[in-house]
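Residues per chain, in single letters:
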Amino acid sequence: MIRAAARSRTVRLYAVAVVFLACAVLVGAMAGAAGLSPAATAAALLDRLPFVHLHSGLSSLDHAVLFQIRMPRVVLGALVGGALSLAGAGYQGVFRNPLVDSSLLGSSAGAGLGATLAIVTLGGAASSAVPAAAFAGSLAGVAIAYLVGVSGGPGTSTLLLAGLAVSLFLAAVQTYVLQRSSQDIQQVYSWLLGSLSAATWHQTREILPYVAVAAVVVLVHGRHLDVLAVGDEEGRSLGLHPGRIRLIVVAGCALAAASAVAVSGLIGFVGIVVPHAVRRLAGTSYRVVLPLSLLFGAGSLILADAAARTLVAPAELPIGVVTALVGSPAFVLILRTTRSVRT
């Protein structure tokens with residue numbers, strides 16, 4: 001009876017997540033200077049589904065705006081938000097710490113340094129090289145942090161401290177590079193604050209395979225993370241190899257985070273707030289937390305990007321500012337309510 005009730009609750013949460021993501025896609029598709037009818041926009045989107053044929057009534061210009069300008073941004077936002085949330089939830093499972101996200105293991109700092117070096121050294125040619133440099137820097141930061149942590153001995157606390165040390169070191173190097181190239185500070189900080197304004201279908205196709213591989217790797221290890229949450233000894237008694245599982249999950253999370261920051265810049269709070277909120281709704285099982293974090297993270301970033309486009313229109317806010325403005329109080333509220341429940 002209890003198991004059936006839990007399964008029914010999980011199914012309802014998945015349904016809510018899917019509806020939330022669908023509504024976020026519709027809001028993201030309508031947000032912008034060109035006013036599109038909600039009904040016409042929904043019809044145009046549904047018309048793209050297999051075996052669905054609807055007449056939207058959109059003009060050729062509105063149709064082009066929807067599918068060539070807005071939808072690439074919406075889809076890219078979903079991929080970035082889902083990847084960041086999944087990476088955050090995965091890291092929290094690895095370290096058994098709900099306050100961990102990708103920024104604490106060198107991913108963000110490595111991406112920032114890679115993007116900064118590309119902007120400073122390549123000048124006008126940097127726009128095409130920044131995503132690759134950020135991607136490589138993010139993976140390199142996590143790899144260095146992991147190697148340093150493993151060499152310091154077993155245990156997640158050692159790895160986490162190594163990640164923090166590597167992040168601080170990479171951030172210091174970035175500051176030094178910027179100090180010697182002050183003319184590039186505005187461009188660097190514009191990238192660091194995050195944006196999806198340059199989203200294209202080409203970018204979406206570029207990061208989709210990486211996000212898909214990372215998602216599969218992390219999601220299939222949800223059951224293993226549930227076992228490791230009890231303790232390493234319990235995991236070994238069941239035939240698991242905690243060190244190997246951590247390496248695989250960290251690699252998958254690093255790939256997800258690197259793919260996201262390569263195309264969007266640094267976007268904070270998504271990877272820590274969304275898994276926190278999901279855990280409050282769904283419980284502590286990572287078999288449920290991981291996929292729900294993916295879905296809710298995708299929808300959340302689409303809505304954050306829609307807000308970034310409309311709050312100060314015709315100008316545009318950096319999406320990192322929006323996520324910080326919303327994420328900071330949300331995180332404080334989650335912490336306060338969690339403490340109230342425990343006491």
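Structure shown above.
Residues numbered from 1 in each chain as written. Predicted model: local features only at pLDDT ≥ 70, side-chain atom pairs only at ≥ 80, totals over all residues. Heavy atoms only, no water.

Student: So, a nonpolar patch on the surface: which residues are in play, and what are the values?
Tutor: Where nonpolar side chains cluster on the molecular surface, the patch consists of Leu46, Leu49 and Leu54 and spans about 250 Å² of accessible area. On the secondary structure map, Leu54 appears in the loop between α2 (38-47) and α3 (60-95). Residue classification places Leu54 among the partly exposed residues on the basis of a relative accessible area of 40%. (Patch = residues over 30% accessible without salt bridge, like charges linked within 9 Å, V, L, I, M, F, W, Y side chains within 5 Å. Areas by Shrake-Rupley, 256 points an atom, 1.4 Å probe, with all protein chains shown as cover. Salt bridge = Lys/Arg side-chain N within 4 Å of Asp/Glu carboxyl O. Helix = DSSP H or I, 4+ residues; strand = E, 2+ residues; numbered from the N terminus. Buried < 20%, exposed > 50% of the residue type's maximum accessible area, 1.4 Å probe, protein only.)

Student: I'd love a proper account of the packing of aromatic side chains, names of residues and values included.
Tutor: Using the criterion set out here, one finds three aromatic pairs in the structure. Seen in terms of ring centroids, Phe20 and Phe296 are 5.5 Å apart; in terms of plane orientation they differ by 40°. Their pairing is tilted. Placement of Phe20 in helix α1 (residues 2-30) and of Phe296 in helix α13 (residues 286-310) is noted, with a sequence separation of 276 residues between them. In this structure, Arg48 packs its charged tip against the face of Phe67, placed 3.9 Å from the ring centre. (Phe/Tyr/Trp six-rings, centres within 6.5 Å; stacked < 30°, edge-to-face > 60°. Lys NZ or Arg CZ within 6 Å of the ring centre and 35° of its normal.)

Student: Residue-level account of the pattern of salt bridges, with values.
Tutor: Proximity of charged atoms lets side chains of opposite charge pair with each other. Across all of its chains, the model carries five salt bridges by this definition. Between Asp226 and Arg287 there is a salt bridge whose closest N-O contact spans 3.3 Å. Of this pair, Asp226 sits in helix α9 (residues 222-230) while Arg287 is found in helix α13, placing the two residues 61 residues apart along the sequence. In this structure, Glu233 and Arg236 form a salt bridge, with 3.0 Å as the shortest nitrogen-oxygen distance. Here the residue Glu233 and the residue Arg236 both occupy positions in helix α10 (residues 232-237), the gap between them amounting to three residues, near one helical turn. Here Arg236 falls in the partly exposed class, since its relative accessible area comes to 44%. By sharing partners, the salt bridges in this structure join Arg73, Asp305, Arg309 and Glu316 into a single network.

Student: An account of the packing of α3 against helix α11 (residues 242-264) is needed here, citing residue identities and associated values.
Tutor: In the contact formed by α3 and α11, the axes pass within 8 Å of each other and the chain directions differ by 150°. Of the possible angle classes, the one that applies to α3 and α11 is roughly antiparallel. α11 is crossed by α3, and the crossing has left-handed handedness. Counting all contacts with α3, which are made through Leu76, Val80, Ala83, Leu84, Leu86, Ala87, Gly90, Tyr91 and Val94, the residues of α11 involved are Arg246, Val249, Val250, Cys253, Ala254, Ala256, Ala257, Ala260, Val263 and Ser264. For the contact of α3 with α11, the per-class residue count stands at 16 nonpolar, two polar and one charged. (Axes fitted to C-alpha atoms, helices over the stretch in contact; angles between N-to-C directions. Parallel < 35°, antiparallel > 145°, perpendicular 65-115°, else oblique. Left-handed = near helix turned anticlockwise from the far one by under 90°. Contact = heavy atoms within 4.5 Å. Nonpolar A, V, L, I, M, F, W, Y, C, P; charged D, E, K, R; others polar.)

Student: Tell me about helix α4 (residues 107-122), residues and numbers included.
Tutor: Spanning 16 residues, α4 covers 22 Å between terminal C-alpha atoms, matching the ideal 22 Å at 1.5 Å per step. A large share of α4 lies buried, amounting to 12 of its 16 residues. Buried within α4 we find Ser107, Ser108, Ala109, Gly110, Ala111, Gly112, Leu113, Gly114, Ala115, Thr116, Ala118 and Ile119. (Expected span 1.5 Å × (residues − 1).)

Student: Lay out the side chain of Gln174 in plain terms, naming residues and giving numbers.
Tutor: With respect to the element layout, Gln174 can be found in helix α6 (residues 156-180). Among the polar contacts made by the side chain of Gln174, one reaches the side chain of Thr116 at a distance of 2.9 Å. Contacts of Gln174, omitting those with residues within four sequence positions, involve Gly112, Leu113, Thr116, Val188 and Leu192. (Polar contact = N/O pair within 3.5 Å; in protein donor to acceptor, adjacent residues only side chain to side chain.)

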